[in-house]
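Observations on chain architecture
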Amino acid sequence: MNATLFLDAALDALLDSLRMLPFLFVAFLILEALEHYSSNRLTHFFQHKKGGPAIASLLGCIPQCGFSTLISSLYCGGIVTVGTLIAVYLSTSDEAILILLAHPDRAGVVGKLLLAKLIIAITAGYLVDFIWNRWRHPQKHVEDLCDHCGCHDHHGIIRPALNHTLKLFAFILVFNAVLNLLLEGIGLESLSKALLGGTVFQPFLTALLGLIPNCAASILITQLFLEGAISFGSAVAGLCTGAGIGLVVLFKTSRNKKECFAITGILYLIAVIAGMILQLIG
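What you are looking at is a predicted structure, and each value in this text was computed from that prediction instead of being measured. (Residues numbered from 1 in each chain as written. Predicted model: local features only at pLDDT ≥ 70, side-chain atom pairs only at ≥ 80, totals over all residues. Heavy atoms only, no water.)

1. Quick word on the nonpolar core
Counting residues in each nonpolar core, the largest one holds 53 residues, and the members touching the most others are Tyr75, Ile86, Tyr89, Leu90, Leu250 and Ile263. A per-element tally of this core places helix α7 (residues 108–135) first, with nine residues. Setting aside residues no more than four positions away along its own chain, Ile86 makes contact with Val128, Ile263, Ile266, Leu267 and Ile270. Leu24, Phe28, Ala161 and Ile245 belong to the second largest nonpolar core, which has eight residues in total. (Core = buried A, V, L, I, M, F, W, Y, C linked by side-chain atoms within 4.5 Å. Buried < 20%, exposed > 50% of the residue type's maximum accessible area, 1.4 Å probe, protein only. Helix = DSSP H or I, 4+ residues; strand = E, 2+ residues; numbered from the N terminus. Contact = heavy atoms within 4.5 Å.)

Written out as structure tokens, the structure reads:
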């Protein structure tokens with residue numbers, strides 16, 4: 001293996017993972033504080049806060065994927081609803097907004113993109129909560145994250161939060177490094193041609209591409225849109241599934257992998273439908 005390629009992939013993985021570190025620590029610190037000091041009434045307030053999807057949608061519009069990581073951890077601890085989780089995933093745009101702003105002639109697209117994703121995220125978030133609650137899925141609890149991990153053999157909240165953060169950070173670092181090596185080996189140009197070239201089903205394929213948990217996916221989708229290779233609806237579909245490392249955190253932290261796949265499927269379905277609707281209305 002080319003040593004330079006390996007070092008570049010490792011360095012990129014380290015930088016991407018370090019950006020997540022503060023969000024991970026804040027999330028686990030909140031979870032530890034709620035478990036140690038809050039009453040059941042306070043936890044109930046967080047779990048059923050009606051503004052969750054709307055607030056999460058607004059946070060996701062900030063051009064980075066840290067909030068999707070934060071909300072994923074809070075969801076696994078039972079602090080936010082699944083609709084709030086879906087909302088932040090859908091509104092997250094990662095580097096896409098920054099890339100668009102770097103092209104003054106296309107800066108007007110930023111407002112359209114943010115508005116479209118915000119409407120999709122808020123609508124889908126509340127709709128998912130309504131349907132999900134009717135199915136009466138088992139309620140999550142903060143303490144479920146710490147069963148058998150041994151992190152509470154001492155007092156305080158900082159050490160357990162740091163313990164969870166470092167474990168998850170190590171997993172994300174390795175995951176990002178492997179993914180970067182694969183992307184470098186395949187080549188983004190080859191990947192874009194294989195998935196998107198000349199097809200009328202672009203929203204299906206761009207939404208699939210967006211599920212790659214790396215900022216490279218959002219960069220590729222945005223560049224393809226700027227070059228006219230994909231439509232606005234296809235770009236929105238891909239960026240709606242582009243939740244950054246949030247899905248990785250969800251799968252790593254949650255014990256219910258079946259539920260994780262269901263959430264991923266719902267995210268993909270919403271993104272495709274939204275993209276197709278935008279294509280139809282031009």
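2. A look at empty space enclosed by the protein
Evaluated as defined, the whole model comprises three cavities of 30 Å³ or more. Taken as a whole, the second largest cavity holds about 50 Å³ of empty space. Lining the second largest cavity are Leu100, Val109, Leu113, Thr222, Phe225, Phe232, Ala235 and Leu239. Of all the secondary-structure elements, those providing two or more residues to the lining of the second largest cavity are α7, α11 (215–226) and α12 (232–241). Among the elements that line the lining of the second largest cavity, the one with the most residues is α12, at three residues. Across the lining of the second largest cavity, the residue classes tally to seven nonpolar, one polar and no charged. (1 Å grid on protein atoms, 1.4 Å probe; cavity = no way out; pocket = protein on both sides within 12 Å on 5 of 7 lines; lining within 4 Å. Points joined across faces, edges and corners; volume = space filled by probe spheres on them. Nonpolar A, V, L, I, M, F, W, Y, C, P; charged D, E, K, R; others polar.)

3. Looking at helix α4 (residues 66–76)
Among the eleven residues that make up α4, eleven are buried, leaving the element largely enclosed by the rest of the structure. Within α4, the full set of buried residues consists of Gly66, Phe67, Ser68, Thr69, Leu70, Ile71, Ser72, Ser73, Leu74, Tyr75 and Cys76. Note on α4: the residue one or two positions beyond its end, Gly78, has a positive phi of about 80 degrees.

Worth remembering: the numbers are spatial, not functional.
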